Amino acid sequence: MSEKVEQLKQHLYRYHDLHGAAAVLGWDEEVNMPPKGAEGRAEQMATLTALAHEIFTSEETGRLLEEAEAEVADMDYRSDEASLVRVVRRDYDKMTKLPTELVAEFSRATSHAFIAWREARQDDDYGHFKPHLQHLLDLILQTVEIIGYEDEPYDALLDFYEPGMKTAEVRALFESLKAGLLPLLEAIQERGAAVDNSFLTEQSYPVERQWELTEVILRKIGYDFSRGRQDKAPHPFTTEFSPSDVRITTRLFPNFPQAAIFGSIHEGGHALYEQGIPFKFARTALGHGATLGLHESQSRLWENMVGRSRNFWRYFFPIMQAFFPQQLMAVDLDTFYRAINRVKPDLIRVEADEVTYNFHIFIRFELEQAMVNGELSLDDLPEAWNEKYRAYLKITPPTDADGCLQDVHWAHGTLGYFPTYTLGNLISAQLFRRVRSEIPDLEAGFAEGEFKPLLDWLREHVHRHGAKFTAPELLEFELGESLDARPLIDYLTTKYRAIYRL
Ligand code: ZN
């Protein structure tokens, strides 16, 4: 038994417990808290986070970490012990490199920027947000210099969200994906309004029934309600306090039942990942999903490759019809399947279909690099944004509120985060291609309501590793592949050629 690794683990239990407790408060804030509870809650969460940070960045952690490193030096890279020590070292270096004053200033600046962003978006007044964004960008550039990078500044930012990946690799992947998707998108656009979804958007679907339907679906795909729960929240999310308490939220609109259905399946995919983390990793740095890209690969796989497939709805459409007889009795499966897969270039990323979604990410990724490299002044951001929407999606945002002010990410100071969404899409297609070839009747099973073979496969190849590996490592170890745009291009091309009869 590795004595020093065990000591390091024990020492950090309190850190992970404090984090878990702060996460409960965060969940409560979004789901239950009365509006005036915000002030007291902010203090409580700041206290817990500060205590956790103190423990993690303490000299004690540094000393135990060094001792544990000596102990695991000859161990297999893939062993639990060596992986734990490696992951703690990565986080420790990052957290201790940044001066406390910079971290505190960043936290203050994001609080103010968030409020200014909300007001600016409401009033469609980019000028109100711009000085805050400029201040955040200055702090981000300082962070980049302190953290350091080998090739380009953006590498330092990307590494916070997708360790093990370089900007140049992401750029190359995105360029091939773009080249593969542009002809498909153009062909669909030429085809015009070939798909009608008015029976979804022009009828009312009672929200209580939508809610029941999402729970039926979640149970069927394997979400364990004895170790989780679903609630309503304005912005859907997944949060976990331990592998035995993984919660999700969804949102309900009477004229847009897709939001609840696909929102629940998406968050359900994140949650299946967290519920699949081995208990032996609980209260350690390995006790949750690995990178953001890997996390998103799980949610997108369930949402799109499963949840938007024809076989999935062979099973669930009759059930949905029974929930909404008046609205759906005259609709057939094929019409429904095409409607939920309608492609329409639009302004809003979170509502985008599978084909256009990645273009929203390309735009943000390109603009972020330009900002970080000093090639784009923030004065010109709104126009640069609109220019890219015209170039890629042939639409112009009528307001900045629907343009460069639409996402919260920049107000939170998170540059480098957006690419992980598309990385998740790429990884989901690579995993899905493999599982289909290993289990030939996988999709036929969906039509019978059989999702366990897929979940078992993901448990075995992804979930059981917890946070041990980066995305490129996991793909290498489990699939023998590196990240690749081809499987996603092939999947989307096959699917949408059929839907649009191209
Ligand atoms: Zn997600």
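Residues numbered from 1 in each chain as written. Predicted model: local features only at pLDDT ≥ 70, side-chain atom pairs only at ≥ 80, totals over all residues. Heavy atoms only, no water.

J.: Got a minute to help me understand the packing of aromatic side chains in this structure?
T.: The way to describe two aromatic rings as a pair is by their centre distance and the angle between their planes. Tallied over the entire structure, the rule returns 31 aromatic pairs. Consider the rings of F174 and F365, whose centres lie 5.1 Å apart with planes at 70°: the pair is edge-to-face. Here F365 lies in helix α16 (residues 354–372) and F174 lies in helix α8 (residues 167–191), a separation of 191 residues in the sequence. Looking at F174, the relative accessible area reads 2%, which means it is buried. Here the aromatic rings of Y417 and Y421 are separated by 5.6 Å at their centres, their planes lie at 45°, and the arrangement is tilted. Among the aromatic residues, those joined into a cluster by ring pairs are F199, F262, F312, W313, Y315, F316, F317, F336, F446 and F451. Positioned above the aromatic ring of F225 is the side chain of R219, whose terminal nitrogen or guanidinium carbon lies 4.4 Å from the ring centre. One Lys or Arg, R364, reaches over the ring of F418 and ends 5.4 Å from the middle of that ring. (Phe/Tyr/Trp six-rings, centres within 6.5 Å; stacked < 30°, edge-to-face > 60°. Helix = DSSP H or I, 4+ residues; strand = E, 2+ residues; numbered from the N terminus. Buried < 20%, exposed > 50% of the residue type's maximum accessible area, 1.4 Å probe, protein only. Lys NZ or Arg CZ within 6 Å of the ring centre and 35° of its normal.)

J.: Where do I start with the coordination of the zinc ion in this structure?
T.: Reference values for angles at a metal are 109.5 degrees in the four-donor tetrahedral case and 90 or 180 degrees in the six-donor octahedral case. Listed as protein donors to the zinc ion are H266 (NE2), H270 (NE2) and E296 (OE); their distances from the metal cover 2.1 to 2.4 Å. Written as a sequence motif, the donor arrangement for the zinc ion is H-x3-H-x25-E. Placement of the pair is H270 in helix α11 (residues 257–275) and E296 in helix α12 (residues 292–306), with a sequence separation of 26 residues. The same class applies to H270 as to E296, namely buried. (Donors = N, O, S within 2.8 Å, 3.2 Å for Na, K, Ca; no water.)

J.: In this structure, what is going on with the environment of S226? I would like to understand it.
T.: Relative to the assigned elements, S226 resides in the loop between α10 (207–221) and β1 (230–232). We classify S226 as exposed; its relative accessible area is 64%. Residues S226 and D245, spaced 19 residues apart in sequence, show a C-alpha to C-alpha distance of 8.3 Å. A polar contact of 2.7 Å, which involves the side chain of S226, links it to the side chain of D224. (Polar contact = N/O pair within 3.5 Å; in protein donor to acceptor, adjacent residues only side chain to side chain.)

J.: Even after reading the chapter, I still don't get the layout of surface pockets, so can you show me in this structure?
T.: Unfilled space is identified by rolling a water-sized probe across the atoms. Taken as a whole, the second largest pocket spans an internal volume of roughly 420 Å³. Taken together, 20 residues make up the lining of the second largest pocket; nearest its centre are R90, K94, I147, D159 and G164. For the lining of the second largest pocket, the leading source of residues is helix α4 (residues 80–97), giving six residues. Counted by class, the lining of the second largest pocket contains seven nonpolar, three polar and 10 charged residues. (1 Å grid on protein atoms, 1.4 Å probe; cavity = no way out; pocket = protein on both sides within 12 Å on 5 of 7 lines; lining within 4 Å. Points joined across faces, edges and corners; volume = space filled by probe spheres on them. Nonpolar A, V, L, I, M, F, W, Y, C, P; charged D, E, K, R; others polar.)

J.: Just checking my understanding: could you explain the side chain of T239 for this structure?
T.: By secondary structure assignment, the location of T239 is in strand β2 (residues 238–242). Given the relative accessible area of 13%, T239 is considered buried. With residues up to four places along the chain from it excluded, the contact list for T239 reads A23, W27, D245, V246 and R247. (Contact = heavy atoms within 4.5 Å.)

J.: What exactly am I supposed to notice about the sheet that holds strand β3 (residues 245–250) here?
T.: Within a sheet, adjacent strands bond to each other through the backbone by hydrogen bonds, running parallel or antiparallel. Overall, mixed pairing links the three strands, which are arranged β1-β3-β2 in an open sheet. Across the chains shown, the open sheet's two edge strands, defined by having one partner strand only, are β1 and β2. Strand after strand, the sheet turns through a mean of 25° between neighbouring axes, direction not considered. Sheet strands in contact with α10 are β1 and β3, and its direction is about 155° off that of β1. Contacts between α11 and the sheet are confined to β1, β2 and β3, with β3 contributing the most and set at about 165° to the helix. (Pairing = 2+ DSSP bridges. Axes fitted to C-alpha atoms, helices over the stretch in contact; angles between N-to-C directions.)

J.: Would you mind going over helix α3 (residues 59–72) with me for this structure?
T.: Residues that lie three or four places apart on an α-helix share one face, since the helix turns once every 3.6 residues. Taking 1.5 Å as the rise per residue, α3 with 14 residues should run 20 Å; its terminal C-alpha atoms sit 20 Å apart, in good agreement. Where α3 is concerned, the buried positions are T61, G62, L64, L65, A68 and V72. The elements touched by buried residues of α3 are α1 (3–31), α2 (38–56) and α4. (Expected span 1.5 Å × (residues − 1).)

J.: Could you clarify how one ought to interpret the packing of α12 against helix α20 (residues 452–461) in this entry?
T.: Helix packing for two helices is described by the angle between their axes and how far apart those axes are. Where α12 contacts α20, the two axes come as close as 13 Å, and the packing angle between them is 155°. Put simply, α12 runs roughly antiparallel to α20. Judged by the twist between their axes, the crossing of α12 over α20 is right-handed. Contact with α12, carried on its side by Q298, L301, W302 and V306, involves L454, L455 and L458 of α20 and no other residues of that element. Classifying every residue of the contact of α12 with α20 gives six nonpolar, one polar and no charged. (Parallel < 35°, antiparallel > 145°, perpendicular 65-115°, else oblique. Left-handed = near helix turned anticlockwise from the far one by under 90°.)

J.: When you look at the packing of α16 against helix α17 (residues 381–393) in this model, what are you seeing that I'm missing?
T.: Closest axis-to-axis distance for the α16/α17 pair is 10 Å, and the angle between their directions is 145°. The two elements α16 and α17 meet at a crossing, and its hand is right-handed. Contact with α16, carried on its side by T356, F359, H360, I363, R364, E366, L367 and M371, involves L381, A384, W385, K388, Y389, Y392 and L393 of α17 and no other residues of that element. A breakdown of the residues in the contact of α16 with α17 according to their chemical character gives 10 nonpolar, two polar and three charged.

J.: How do you make sense of the domain arrangement of the protein chain when you look at a structure like this?
T.: Reports often express the size of an interface as the amount of accessible area lost when the parts come together. If you check the domain split of the protein chain, you get domain 1 (3–148) and domain 2 (167–205 + 289–499). One C-alpha centre belongs to domain 1, the other to domain 2; they are set 28 Å apart. Across the contact surface, domain 1 and domain 2 share two salt bridges. Note that D379 is salt-bridged to K130, the shortest N-O span being 2.4 Å. Connecting domain 1 to domain 2 are 11 residue pairs in polar contact (both at pLDDT 80 or more). Looking at the side of domain 1 that touches domain 2, the elements that each hand over two or more residues are α4, α5 (100–123) and α6 (126–147). Broken down by element, the residue count for the side of domain 1 that touches domain 2 peaks at nine residues, all from α6. (Domains from an automatic or database assignment. Salt bridge = Lys/Arg side-chain N within 4 Å of Asp/Glu carboxyl O.)

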